[in-house]
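Tertiary structure, described
Chain residues, written in single-letter form:
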Amino acid sequence: MSKYINEVLASVKEKNANEKEFIQAVDEVLNSLKTVIEKNPSFEELSLLERLVEPERIITFRVPWIDDNNKVQVNRGYRIQFNGSIGPFKGGLRFHPSVNQSIMKFLAFEQIFKNALTGLPIGGGKGGSDFDPKGKSDMEIMRFCQSFMNELQRHIGHDLDVPAGDIGVGAREIGYLFGQYRKIKNTYEAGVLTGKGLDYGGSLARKEATGFGLIYFMREMLKENNLDLHGKTVTISGSGNVAIYAAQKAIEYGAKVVAMSDSNGCIYDDIGIDLSEIKRIKEVERLRIKEYLNNYPHAKYIENKKGKTPAVYTIKADIVLPCATQNDINLETAKLLVKNGVIAVGEGANMPTTIDAINYFLENNVLLAPAKAANAGGVATSALEMSQNSMRYSWSFEEVDKKLEGIMKNIFKSCKDTAKEYNLGTNYVASANIAGFKKISSAMMAQGVI
Ligand code: NDP
């Protein structure tokens, strides 16, 4: 690594000592940039990396709300506006009890590169709260969302910062957030949030976009390496928005999805999972995944054990799609997957693989589709939703899906071409970081020291 990169990384570690996820995300990116940085001494002269790793703005706020027992609850809200050099800040909101500043910053940091890779004019941001939507009534969710928006509305806008969904934030939450924004602002600013319902400014294919996009990227990556999805066995960690639509597209391409999970455990159905049952359980009833066994008693349920490899990764598969949360695959899990013959891993979740696990996959010739590139279809389609809102017009499902497919093909091409240019072989993790960085650094240099 270059001396300059080492110095910046050391300073990030010192200044953000308690933020291990953020440090991990920065470490991974900076480690890929050596050649680019060495070729451009002006980056160091103008402290580009120091500016890149410091958010433009961090907003934290109190979110008081009243539960169904009339008790006042208080959560913490966040919005990280990390880098706005190529467009309005853009990135989802996560509602999960694990949310803290480190997780928000790592997500916002990765979003900068992901958004740059889409080729669309969107900057990097992220937000959320340590609120746990699990087990809450609809009215509690609504009151929380309204209180969250009471503060967030000061900091967002269709040309300023455009949040969307992430873990724990789907169409229901976006609806409540949008309603409160509209009431406070007294204006119909459709482009202020994405992931909206179809009746009030949402885009067709947004719900499917991250999962479909992941499989479009996977298809391109496999094709480049003389492989395809047909007949492959697939396991998927998670059973939320990204997992469900990745499964749908993988099945459409002839793969067999045999396992999916939630945070409690996984179901294993060796004849292939019936996705309509998963949709009923997760999207309609909001139940636990083990309910699958009620109608499919031949399937198995394996519970997760604390501190052990998540159950879903103990099942043999050709292709593994982590679509749940960060650091789901550590070195031990990576070793098990390689032993079980995995040929490709597609990161639907953000940073699902630890750095040592990434290196292990690469050393063992596993094709790795990195999150920043492979799950960019969601935010790309959010940008298409913003375009439709600006035009006061909407495209058909097929039109949006076609554009999404084109964007994912371009993202893979840019990973492939960059890998070639920098002699990286099939290390698309590094090439995605470099390709994203080139666009961001060029915009930041053009705009002066700000
Ligand atoms: P959802 O809330 O719809 O689903 C999350 C899924 O992951 C659930 O099955 C959940 O299980 C599981 N999960 C969450 N946290 C944990 C945990 N700590 N341990 C084990 N399982 C967990 O979220 P999404 O599908 O939207 O997001 C999944 C991932 O994809 C996240 O990393 C997100 O950042 C990333 N992503 C999402 C995009 C989008 O458009 N939605 C875009 C790009 C990336 P349970 O219900 O038991 O909690």
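Here goes a summary of the coordinates provided. Here the structure is a predicted model, which means the values were calculated and not measured.

Attention now goes to the layout of surface pockets. Over the atoms rolls a probe the size of a water molecule, and its path tells where empty space is left. Of the voids in this model, the second largest pocket is the one considered here, and its volume is about 440 Å³. Looking at the second largest pocket, it is lined by 22 residues, and the ones nearest its centre are Gly 191, Met 386, Gln 388, Asn 389 and Ser 390. Split by residue class, the lining of the second largest pocket holds 10 nonpolar, nine polar and three charged.

This next bit is on the side chain of Arg 51. Locating Arg 51 in the fold gives a position in helix α5 (residues 48–52). Among the polar contacts made by the side chain of Arg 51, one reaches the main-chain carbonyl oxygen of Leu 46 at a distance of 3.1 Å. The contacts of Arg 51, once residues within four sequence positions are left out, are Leu 46, Met 444, Gly 448, Val 449 and Ile 450.

Turning next to the site of the ligand. Around the ligand, the surrounding shell holds 24 residues, and the nearest of these are Asp 166, Thr 210, Ser 263, Arg 288 and Asn 350. Within the side chain of Arg 94, one N or O atom sits 2.9 Å away from an oxygen atom of the ligand. In the model, an oxygen atom of the ligand is placed 2.8 Å from a nitrogen or oxygen of the Asn 350 side chain. Burial of the ligand by the protein amounts to 83% of the accessible area it has alone, namely 890 Å². Counting residues per element, the ones that place at least two in the shell around the ligand are α9 (206–224) and α10 (241–252). Broken down by class, the residue content of the shell around the ligand amounts to five nonpolar, 13 polar and six charged.

Direction vectors running N to C along α9 and helix α17 (residues 397–421) enclose 45°, while the axes themselves pass 9 Å from each other. Comparing the axis directions of α9 and α17 gives the class oblique. For the element pair α9 and α17, the recorded crossing hand is right-handed. Along its contact with α9, which presents Glu 208, Ala 209, Phe 212, Gly 213, Tyr 216, Phe 217, Arg 219, Glu 220, Met 221 and Glu 224, the element α17 presents Phe 397, Asp 401, Leu 404, Glu 405, Met 408, Lys 409, Ile 411, Phe 412, Cys 415 and Lys 416. For the contact of α9 with α17, a count of residues per class yields 11 nonpolar, one polar and eight charged.

Counted by the stated rule, this structure contains zero disulfides. Here Cys 266 stays free of any disulfide, with the sulfur of Cys 323 as its closest cysteine sulfur at 14 Å. Since its relative accessible area comes to 0%, Cys 266 is described here as buried.

Rules used throughout
- Residues numbered from 1 in each chain as written.
- Predicted model: local features only at pLDDT ≥ 70, side-chain atom pairs only at ≥ 80, totals over all residues.
- Heavy atoms only, no water.
- 1 Å grid on protein atoms, 1.4 Å probe; cavity = no way out; pocket = protein on both sides within 12 Å on 5 of 7 lines; lining within 4 Å.
- Points joined across faces, edges and corners; volume = space filled by probe spheres on them.
- Nonpolar A, V, L, I, M, F, W, Y, C, P; charged D, E, K, R; others polar.
- Helix = DSSP H or I, 4+ residues; strand = E, 2+ residues; numbered from the N terminus.
- Polar contact = N/O pair within 3.5 Å; in protein donor to acceptor, adjacent residues only side chain to side chain.
- Contact = heavy atoms within 4.5 Å.
- Near = heavy atom within 4 Å.
- Areas by Shrake-Rupley, 256 points an atom, 1.4 Å probe, with all protein chains shown as cover.
- Axes fitted to C-alpha atoms, helices over the stretch in contact; angles between N-to-C directions.
- Parallel < 35°, antiparallel > 145°, perpendicular 65-115°, else oblique.
- Left-handed = near helix turned anticlockwise from the far one by under 90°.
- Disulfide = S-S within 2.5 Å.
- Buried < 20%, exposed > 50% of the residue type's maximum accessible area, 1.4 Å probe, protein only.

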